[in-house]
Structures are given as structure tokens and as C-alpha cells.
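Single-letter residue listing:
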Amino acid sequence: MAAPIRFGCRADLESLLATMTREPGQADPENALVPFGRLNRIHVARFVILDDPSLPDRLLLAESLPVHEPVRLAFIADFDGDEADFFDALAALAEAGLRRIFSFCIDFTPDADLVEWMRDHNLPTAANYINWRGRSTRQIGEEAALHRALRPARLLHDGLAPEALQRILLNIGGTVPLTPLRRSGLAEKLLDIGHFLLLPAIGLLLFPFVIVGAIPFVLVLRHRERTDPVLAPVPDRARNRMLSAQEDHDITNQYSAIGSLKPGRFRRWLTVVILWVINWGARHIYRKGRLARVNTIHFASWTFLDERRRVYFASNYDGSREAYNDDFINKVAFGLNLSFSNGLGYPRTDWLILGGARREQDFKRYLFHHQIPTQVWYKAFPGLSNYDMARNARIRAGIDHPPRGKALRRWLAEI
């Protein structure tokens, strides 16, 4: 959700948000305003002020776009369960704190219905990625506890035969509470199948128009790719220090970036289509641990702002910012070009998927130009990477279905 903030109050809002942190940008789980740690359905959450440092680019590159856009306060959370229940639970947990925070927003009044106000300002995401769909906070917590219980015994009895060691570990594992994994219901499966069929169905329906429109599309695209200006300024050191101060407090980091789309309907609607396809792929193809070849992202989302003139991107990833950028450039540069190349000033692409992010220095400078600080970021399981969570799930599977032979030795090595 996001709402414009009152003019001239940004500094006071930042000061208030800073009281929620114990290190720069890192939420105190028990902070007095929104104690995230008590709402056990949240995986990650953030408060971020969407103040776009790249808006002046429009004066140079896109005079048809408005010079000003509202500065917003956004609250983003990835959580388990139903959205309506989450708003109710959040308000029940932290109504007073949320009212203090949202009082900086233009249309929030002291007598406003908090839940209704949050629902009214809830923005749909254009695309959303989840590393492992269906993995709940309860499952993550229980499987981490299982690993902690098994590891000392695994190390203590390292010289035992695999079968004897397995018996010891199974006995210990039996004492750790493990809630049965959730299975999708019939209605949920049918809904998922229906959504999966949407893309091929739309493709078949539009196939004749695609054939007719392919050549004009390519001509327009290639003309724009050759003439659209690039803007990738050299990073400012002071700003880099400010952003770096919020990073590397945990194995996982947050990332926030905002920017304008290139002017005109062609780029705008191309972005709409691309993000819809990315969202479809994330839901049906990249749903168990990897986005293409990248396995370090926990959650990511793209959200349109201001009648689709701008896009806000948020992600949660393992490792450093530099490694995060390199990982994407080396493994899925084509995906970066698809999702970001319609942004104003993006490094020049060829045929939509080539070039762009491969022009590494320009690409990294472009990213930095659009990155913004996240004032408050919360992660429910500090110290646990995506790899750790996947390993713990495999260990749990070995308790539910004890392996034999080579599979047993691989399972013991995981612990």
C-alpha cells in the first residue's frame, strides 16, 4: 500500500521511522510502533519513502512527462494467508503506531477507519515473485528448529555407520514438533490451472493479430532502441555510503528502486504485457526455489505508480548488492532487459533482450541512479538464506520419508 505524504514533513517522518530501527534501516522486531516480530505470519516487510531521485531526468529526456510526482510512503509485506485477515491482524497489533506513521499522509485523519484506509490505498502489484510458493513462516521456523536439534547429534556420532546414525537422528527428529505441510484444495488447484491456461489461450486468440503486427512492432522497437537516450551517471560517493550503511547487516538484504517509463503508449503497454508474463511465469514456472538460474531472491515485486508513468521495484535477496547485480547480469541479463529496458535512460538494448544489462558499467550506474533507501526493513528469519531454507526442507523430508543407500548418505551430509 502507498499514500502521498504531506508537503514538508518528510524529515519528521524519517525521524519517526528511524525509531523503529536498531541499525540503519534494520527494523527492531519489538519496536514500539509496529512490533513485526509478534505477527508471526510476516516473512519480510518494509516502510519506504518513495521519493524519486531520477525525476529531474524528465527535463532532459522526456519533456512530455510531468515534472513533479507525489512523494509517497509505502508499506510492503510478504505474508502468509488472506490479505483481508492480514490487515485486520496488523491493525489489531499496532493501531496506535500505524496511526502515528500514517498521520504524515495527506488524506489520513485522526478519525479514519484504519483498516478501510489501508485497503483503500492498497496497490496491486504488476508482477510478484516468491522463491518457494506455499512455504509458510511456521514451516520455515519448525524446519530450522529440526536442523538445530539434529546437528549436534550428527557431529557427536560422526563415526557411526549411516544406518545407526539415522536411527539416532530419527529418534531426535520425532521429538521436534512438525506441522503437516499444507496441501492445496481442489478449488485452489482449479483456479491455478485456469490461470495457467490464460497465457496459451490469449496467445491463440491473438495469434493472427501478432502475425499481422509483428513487422510494425519490430520496426518501431528497433527505431526506439536506436534513438532512445541513455542516462547512467557516475555514482555519487556520499549517496553510495548512505545506501551501503543499510546493507550487509544480515545474509539477506533489501533493495528498492523507482523510475519513470519512457514516454508514450508503446513503451507503457509493452511494460504492462511483459510484467504480466513475468507474473505468470513466477506463478507457474519459477515457483520452487529459482528465478531462471538465480536462487538468491526471497521475494520481489514490480508496482505501477502514477497512471503507469513510473514503476517501483522491491526485492529481498541473499548476499551483497554487488554480487546480486553480478548474479543477474551473468545469468539472466535477458530477463533484466525484458523487465527494465522500458525505463527512462536504460542502457541501449537490441531486440529487447540483448545488450542492455550486458553493458555492465552503464547498467550498474543506471541501477544505482534509481535505488532509494528503505527506511525500515524487517526479516522474520535473520541468518537464514534461501539455501538454508531449502536444505532444512530436505532434512525434514528425510524425517518424513527416511532415505536408504546413497540417498541416506546425501541426507546425512545435509545435516
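Every residue gets a number counted from 1 within its own chain, in the order that chain's sequence is written. Local features in this predicted model are restricted to residues whose pLDDT is 70 or higher, and side-chain atom pairs enter the listing and the counts only when it is 80 or higher, whereas totals over whole chains, interfaces and linings include all residues. Each side-chain value is worked out from all heavy atoms of the structure, with water and hydrogens disregarded.

J.: Sorry if this is basic, but what is going on with the overall build of the protein chain here?
T.: Only DSSP runs of H or I covering at least 4 residues are called helices, and only runs of E covering at least 2 are called strands; the numbering of each starts at the N terminus. Assigned secondary structure in the protein chain consists of 13 helices and 12 strands. The dimensions of the protein chain, computed from C-alpha atoms along their principal axes, are 75 × 55 × 45 Å. Whether a residue is buried, partly exposed or exposed follows from its accessible area with a 1.4 Å probe, protein chains only, as a fraction of its type maximum: under 20%, in between, or over 50%, in that order. Scored against the burial criterion, the 415 residues of the protein chain give a buried share of 47%. Throughout, a residue-residue contact means that at least one pair of heavy atoms, one from each residue, lies within 4.5 Å. Put simply, of all contacts in the protein chain between residues at least 6 apart along the chain, 78% involve residues at least 24 apart. Calculation of accessible area relied on Shrake-Rupley with a 1.4 Å probe; when residues are assessed, cover is drawn exclusively from the protein chains displayed. When the accessible surface of the protein chain is split by element, carbon and sulfur atoms take 59% of a total near 20600 Å². Counting rule applied: Lys, Arg positive; Asp, Glu negative; His and chain ends not counted. Lysine's charge is taken at NZ, arginine's at CZ, aspartate's at CG and glutamate's at CD. Taking the average place of the 54 positive charges on the side chains of the protein chain and the average place of its 46 negative ones, the gap between the two points comes to 7 Å.

J.: Whenever I open this one, the pattern of salt bridges confuses me. Can you help?
T.: Salt bridges, as used here, are contacts in which a Lys or Arg side-chain nitrogen is within 4 Å of a carboxyl oxygen on Asp or Glu. Applying the stated criterion across every chain, the model contains 31 salt bridges. A salt bridge links Arg119 to Asp88; its shortest N-O distance comes to 3.4 Å. Note that Arg119 is positioned in helix 4 (residues 114-120) and Asp88 in helix 3 (residues 83-102), a separation of 31 residues in sequence. Arg119 sits in the partly exposed class, given a relative accessible area of 31%. Linked by salt bridges that have partners in common, Asp52, Arg72, Asp306 and Arg310 make up one network.

J.: I would appreciate a short explanation of the environment of Ile395 in the present structure.
T.: Relative to the elements of secondary structure, Ile395 occurs in helix 12 (residues 386-400). C-alpha of Ile395 to C-alpha of Leu55: the two residues are 340 residues apart in sequence and 49 Å apart in space. In this view, Ile395 contacts Leu146, His147, Leu150, Trp411, Glu414 and Ile415; residues no more than four positions away in its chain are not counted.

J.: I keep staring at the sheet that holds strand 8 (residues 297-305) and nothing clicks. Help me out?
T.: Strands pair in a sheet through their backbones, by hydrogen bonds, and they do so in one of two ways: parallel or antiparallel. Spatially, 6-8-9-7 is the arrangement adopted by the 4 strands of the open sheet, whose pairing is antiparallel. Bordering the open sheet on either side are strand 6 (127-130) and strand 7 (252-260), each of which pairs with just one other strand. Here the average twist between neighbouring strands, direction ignored, is 10°. Under this scheme, a helix contributes an axis fitted over its contacting stretch, all axes are lines through C-alpha atoms, and angles between N-to-C directions fall in the 0 to 180 degree range. On the sheet, helix 10 (residues 321-340) packs against strand 7, strand 8 and strand 9 (310-318) and is oriented at approximately 140° with respect to strand 9. Note on pairing: two strands pair once DSSP finds at least 2 bridges between them.

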